[in-house]
Amino acid sequence: MTDTPIPLTRPRIAFAMRTGLREQVLSTDALGRLERLAEVLSLEELTEFESEAATRLLARTDVLITSWDAPIVDDAALDRAPHLKAVVHAAGSVRHHLTPAVWERGVLVASAADANAIPVAEYTLAAILLSGKAVLPLADAYRADPANIDVTQWRSIGNYGKRVGIIGASRIGRLVCGLVQPFAFEVVIADPFLDEPGAARLGARLVTLEELCVTSDIVTVHAPELPETHHLVDDALLASMHDGATLINTARGSLVDQDALTRELVSGRLNAVLDVTAPEPLPAGSPLLRLPNVLTTPHIAGSLGTELRRLGDAAVGEVERLARGQTPLGAVALDDLGHLA
């Protein structure tokens, strides 16, 4: 977005998200900031746009603050919101609830995706560091025979000089590149839209996906979920990873051939940290839930708990910029829809 928006003087605000989420996303301080610069029409969340009450609220709304489980904003919803100037999403991707009609009608769109990426990158860094220290296999060995474990025999343990392979120079992938810089890793990255100078600016070396998987001690996935990235990490790439390597996936389960990964994990040849799976949640009998060389978590890497307030602060900041006639920091263009996660 290049055009400077017209200042929105005391815009009228409504919320569209699942019930109860608004008070988790907006702290008391954030709500106070919002109420000082805007008229908050209702503190209740819109979970649909068809009822008479929703129609009356939309008819007065200038800025719609959305988050998870927001109703779809399509032509019908826009017809009910003739004064709508902006949609500010207090979460990550807008792909699932905004249709092209939003942009076609000149409505500004902003997202807190940058804020939502931070905890995912932090989770990934923790997984990388623990993987380098062989925490999963060592914890299992210690559990089995605590009196006789000899950690000095684990000669490949440690993070010094290990190679971390980052799949995808996405928003999160770039954050991970930055977070691993203080450590003595060799960082490589694979992304078809990245060039060598761009990779160097991230502190990484650009390689092919094949080289990344063959040579990395730890492989972490950060590509978007698109038709062309389905099973991006396939059977052949998993088989090419060296014994003892770790795969981390905080992106989407569909990016990895889970059947092939499960075979490698059952054999004990690879380790994995999986915050996302396919399906999600896993069936109770899945070996991924009980293998000692696998850590599975229930999609917790993204914003949860206190981290939700970061999203609210980011959304309020965008409304403040709109009120001053400034371009949103997290502006989303229609052309972005095709590659959003």
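Residues numbered from 1 in each chain as written. Predicted model: local features only at pLDDT ≥ 70, side-chain atom pairs only at ≥ 80, totals over all residues. Heavy atoms only, no water.

Q: Got a sec to walk through the pattern of salt bridges? Specific residues and values, please.
A: Considering all chains together, one arrives at 17 salt bridges under this definition. The residue Glu320 makes a salt bridge to Arg33 at a minimum N-O spacing of 2.9 Å. Placement of the pair is Glu320 in helix H13 (residues 308-323) and Arg33 in helix H2 (residues 28-37), with a sequence separation of 287 residues. In this structure, Arg171 and Asp114 form a salt bridge, with 2.4 Å as the shortest nitrogen-oxygen distance. With a gap of 57 residues between them, Arg171 in helix H8 (residues 171-179) and Asp114 in helix H6 (residues 113-132) connect regions that are remote in the sequence. (Salt bridge = Lys/Arg side-chain N within 4 Å of Asp/Glu carboxyl O. Helix = DSSP H or I, 4+ residues; strand = E, 2+ residues; numbered from the N terminus.)

Q: Can you lay out the environment of Leu202 for me, pointing to particular residues and giving the numbers?
A: Mapped onto the elements of the fold, Leu202 is located in the loop between helix H9 (196-201) and strand E8 (205-206). In this structure Leu202 comes out as buried when scored by relative accessible area, which is 15%. Sequence separation between Leu202 and Phe15 is 187 residues; the distance between their C-alpha atoms is 37 Å. Those residues in contact with Leu202, other than ones at most four positions away along the chain, are Ala169, Arg174, Cys177, Gln181, Ile189 and Leu194. (Buried < 20%, exposed > 50% of the residue type's maximum accessible area, 1.4 Å probe, protein only. Contact = heavy atoms within 4.5 Å.)

Q: I'd love a proper account of the nonpolar core, names of residues and values included.
A: Grouped together as the largest cluster of nonpolar side chains are 29 residues, with contacts concentrated most on Leu212, Val221, Leu238, Met241, Leu247 and Leu265. At the level of secondary structure, the elements contributing two or more residues to this core comprise strand E7 (186-190), helix H10 (209-215), strand E9 (218-221), helix H11 (235-240), helix H12 (258-267) and strand E11 (271-274). Sequence-distant contacts of Leu265, that is, excluding residues within four places in its chain, are made with Leu270, Asn271, Ala272, Leu288, Leu291, Asn293 and Val294. Listed in part, the 27 residues of the second largest apolar core include Phe15, Leu37, Leu108 and Ala115. (Core = buried A, V, L, I, M, F, W, Y, C linked by side-chain atoms within 4.5 Å.)

Q: Account for the environment of Ala169, with residues named and values stated.
A: Relative to the assigned elements, Ala169 resides in the loop between strand E6 (163-167) and H8. For the pair Ala169 and Val221, spaced 52 residues apart in sequence, the C-alpha to C-alpha distance is 9.8 Å.

Q: Which residues make up the side chain of Ser131, and what values go with them?
A: Within the fold, Ser131 resides in helix H6. At 2.6 Å, the side chain of Ser131 and the backbone oxygen of Ala127 are in polar contact. (Polar contact = N/O pair within 3.5 Å; in protein donor to acceptor, adjacent residues only side chain to side chain.)

Q: I'd like to hear about the sheet that holds E11, residue by residue, with values.
A: Pairing between the strands of a sheet is mediated by backbone hydrogen bonds and can be parallel or antiparallel. The parallel open sheet is built from seven strands, whose spatial order is E8-E7-E6-E9-E10-E11-E12. Both outer strands of the open sheet, E8 and strand E12 (294-296), are each paired with one neighbouring strand and no more. Pairing analysis gives four bridges linking strand E10 (residues 246-249) to E11, with the strands arranged parallel. Counted as the bridge partner of Ile248 is Val273 from E11. (Pairing = 2+ DSSP bridges.)

Q: If you had to explain the domain arrangement of the chain to someone new, which residues and values would you point to?
A: Split into domains, the chain comes out as domain 1 (12-91 + 305-336) and domain 2 (116-296). Relative to domain 2, the C-alpha centre of domain 1 lies at a distance of 36 Å. Opposite the five residues of domain 1 that make contact, domain 2 presents four residues. Contact between domain 1 and domain 2 buries roughly 350 Å² in total, counting both sides, with carbon and sulfur atoms accounting for 58%. Summed over the three residues of domain 1 that lose the most area to domain 2, namely Glu307, Arg310 and Leu311, the buried surface amounts to 81% of that side. At the junction of domain 1 with domain 2, the criterion picks out zero salt bridges. Counting across the interface, domain 1 meets domain 2 through zero residue pairs in polar contact (both at pLDDT 80 or more). Looking at the side of domain 1 that touches domain 2 residue by residue, the classes come out as three nonpolar, no polar and two charged. (Domains from an automatic or database assignment. Buried area = accessible area lost by both parts, 1.4 Å probe. Nonpolar A, V, L, I, M, F, W, Y, C, P; charged D, E, K, R; others polar.)

Q: So, the layout of surface pockets: which residues are in play, and what are the values?
A: Over the atoms, a rolled probe matching the size of one water molecule traces out where space is still vacant. In this structure, the second largest pocket occupies an estimated 290 Å³ of space. Looking at the second largest pocket, it is lined by 17 residues, and the ones nearest its centre are Ser131, Ala134, Ser156, Gly244 and Asn271. (1 Å grid on protein atoms, 1.4 Å probe; cavity = no way out; pocket = protein on both sides within 12 Å on 5 of 7 lines; lining within 4 Å. Points joined across faces, edges and corners; volume = space filled by probe spheres on them.)

Q: Any chance you could break down unusual backbone geometry for me, citing the residues and the numbers?
A: For the peptide bond that leads from Ala278 to Pro279, omega is 5°, which places it in the cis range. Tracing the backbone through its elements, the reader meets Pro279 in the loop between E11 and E12. With omega at 5°, the peptide bond leading from Glu280 into Pro281 counts as cis. Tracing the chain through its elements places Pro281 in the loop between E11 and E12. Here Arg10, not a glycine, exhibits a phi torsion of approximately 40°, which is positive.

Q: If you had to explain the packing of aromatic side chains to someone new, which residues and values would you point to?
A: Overall, the coordinates contain one aromatic pair when judged by the stated rule. Centroid distance Phe183 to Phe185: 6.2 Å. Interplanar angle 55°. Geometry classified as tilted. For Phe185, a relative accessible area of 12% gives the class buried. (Phe/Tyr/Trp six-rings, centres within 6.5 Å; stacked < 30°, edge-to-face > 60°.)

Q: Residue-level account of the packing of H6 against H13, with values.
A: Helix-helix packing is characterised by the crossing angle of the two axes and by the distance between the axes. In contact at an axis separation of 8 Å, H6 and H13 are set at 150° when each is read in the N-to-C sense. Comparing the axis directions of H6 and H13 gives the class roughly antiparallel. Taking contact as the criterion, the partners of Ala115, Asn116, Ile118, Pro119 and Glu122 in H6 are, on H13, Arg310, Leu311 and Ala314. Along the lines of polarity and charge, the residues of the contact of H6 with H13 split into five nonpolar, one polar and two charged. (Axes fitted to C-alpha atoms, helices over the stretch in contact; angles between N-to-C directions. Parallel < 35°, antiparallel > 145°, perpendicular 65-115°, else oblique.)

Q: Outline the sheet that holds strand E3 (residues 63-66), supporting the account with residue identities and numerical values.
A: As summarised here, the arrangement of the five strands in space is E2-E1-E3-E4-E5, forming an open sheet in which the pairing is parallel. The open sheet has two edge strands, strand E2 (39-46) and strand E5 (108-111), and neither has a second partner. Neighbour to neighbour, the strand axes of the sheet diverge by 15° on average, direction disregarded. Summarising the sheet, strand E1 (residues 12-16) and E3 pair through four bridges and their orientation is parallel. Residue Ala14 lies in a different strand from E3, and its bridge partner there is Leu64.

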